[in-house]
Amino acid sequence: MGPSDAPSLGSAASRRAGAEDARAVADLLIAARRAAVGAIPTAVHSEAEIREWVRGVVVAEREVWLTEDGHQLPLAVLVLDGHWIDQLYVDPAWTGRGLGSQLIELAKSRRPEGLQLWTFAANVGAQRFYRRHGFVPVEATDGSGNEEKAPDIRFAWLPS
């Protein structure tokens, strides 16, 4: 599947992101996390550290998909790391419009043998979203293994 045949939603389309997209990916992650504080813990890294991690690790080593509108404005991002959904964030102004669902379907098409992900226990909205898409909780922790030290839940999706 190449960038030209990636799924689209209205005027929004997803494409593989490259090194030139590092700033847009970092901006999306930072804005979405900031908007979700309360449902998820405050980021433990500075914006500069997040930007460096996105540039040096995320876009360099992982499979990154960027959803943009018809004017190339970044709306959502999906990061796959092996069989893990490492990151899935939608611009706060665009939530509830199906972009996250589009990216979940893309992830399933890229990893038809199954996927897993972590979500914070406090993020009940994300849990509802993933359950709607066939993910089931398989592990819960007290958060001692994550940087934020916040309880989390591992979800998995296996094809039927």
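This part takes up the overall build of the protein chain. Scanning the protein chain from terminus to terminus reveals 4 helices and 8 strands. Along the protein chain, from the amino end to the carboxyl end, the secondary structure elements read β-β-α-α-β-β-β-α-β-α-β-β. In terms of C-alpha radius of gyration, the protein chain reaches 15 Å, essentially the compact-globule figure of 15 Å for 160 residues. Seen along its three principal axes, the alpha-carbon backbone of the protein chain occupies a region of about 40 × 40 × 30 Å. When contacts within the protein chain are restricted to residue pairs at least 6 apart in sequence, long-range pairs at least 24 apart make up 62% of them. Here the protein chain displays about 8,200 Å² of accessible surface, and carbon together with sulfur accounts for 53% of that area. Between the mean site of the 17 positive side-chain charges and the mean site of the 21 negative ones, the protein chain shows a separation of 4 Å.

Before going further, it helps to examine the packing of aromatic side chains. Across all of its chains, the model carries 4 aromatic pairs by this definition. For the pair Phe129 and Tyr130, a centre-to-centre distance of 5.1 Å together with 75° between the ring planes defines the contact as edge-to-face. Of the two residues, Phe129 and Tyr130, neither departs from the other in class, the shared state being buried. Feature note: the residues Phe129, Tyr130, Phe135 and Phe155 constitute an aromatic cluster, connected by ring pairs. A cation over a ring is seen here: Arg97 above Trp94, with NZ or CZ 4.4 Å from the ring centre.

Our focus in this paragraph is the environment of Arg51. Inspection of the secondary structure puts Arg51 in helix α2 (residues 47–61). Distance in space between the C-alpha atoms of Arg51 and Asp21 is 11 Å, their sequence separation being 30 residues. In contact with Arg51, not counting residues within four places along its chain, are Arg23, Ala26, Asp27 and Ile30. Here the side chain of Arg51 touches Asp27 through a polar contact of 2.6 Å, side chain to side chain.

Another aspect to go through is the nonpolar core. Grouped together as the largest cluster of nonpolar side chains are 23 residues, with contacts concentrated most on Leu78, Ile85, Leu88, Tyr130 and Phe135. At the level of secondary structure, the elements contributing two or more residues to this core comprise β4 (74–81), β5 (84–90), α3 (99–110), β6 (115–120), α4 (124–132) and β8 (152–157). The leading source of residues in this core is α3, at 5 residues. Every residue in contact with Tyr130, bar those within four places of it in the chain, is listed here: Leu88, Ile104, Leu117, Phe135 and Phe155. Counting residues in each nonpolar core, the second largest holds 21 residues, with Val25, Leu29, Val58 and Leu66 among its members.

Let's shift gears to the side chain of Ser14. Along the chain, Ser14 turns up in strand β2 (residues 12–16). Overall, Ser14 belongs to the buried group, its relative accessible area being 2%. In this structure the side chain of Ser14 is engaged in a polar contact, spanning 2.7 Å, whose partner is the side chain of Thr67. At a separation of 2.7 Å, a polar atom in the side chain of Ser14 contacts the side chain of Gln102.

With that settled, the discussion passes to α4. Residues of α4 that are buried include every one of Ala126, Gln127, Phe129 and Tyr130, and no others. Along the axis of α4, the buried positions cluster into a sector of 160°, meaning they face one direction only. Set apart from the buried face of α4 by more than 90 degrees, the exposed residues are Arg128 and Arg132. Directly after α4, the chain includes Gly134, whose backbone phi takes a positive value near 90°.

Criteria and cut-off values
Residues numbered from 1 in each chain as written. Predicted model: local features only at pLDDT ≥ 70, side-chain atom pairs only at ≥ 80, totals over all residues. Heavy atoms only, no water. Helix = DSSP H or I, 4+ residues; strand = E, 2+ residues; numbered from the N terminus. Rg over C-alpha atoms; globule rule 2.2 N^0.38 Å. Contact = heavy atoms within 4.5 Å. Areas by Shrake-Rupley, 256 points an atom, 1.4 Å probe, with all protein chains shown as cover. Lys, Arg positive; Asp, Glu negative; His and termini not counted. Charge placed at Lys NZ, Arg CZ, Asp CG, Glu CD. Phe/Tyr/Trp six-rings, centres within 6.5 Å; stacked < 30°, edge-to-face > 60°. Buried < 20%, exposed > 50% of the residue type's maximum accessible area, 1.4 Å probe, protein only. Lys NZ or Arg CZ within 6 Å of the ring centre and 35° of its normal. Polar contact = N/O pair within 3.5 Å; in protein donor to acceptor, adjacent residues only side chain to side chain. Core = buried A, V, L, I, M, F, W, Y, C linked by side-chain atoms within 4.5 Å. Arc of directions from axis to C-beta.

Any link to function would need more than the numbers given here.
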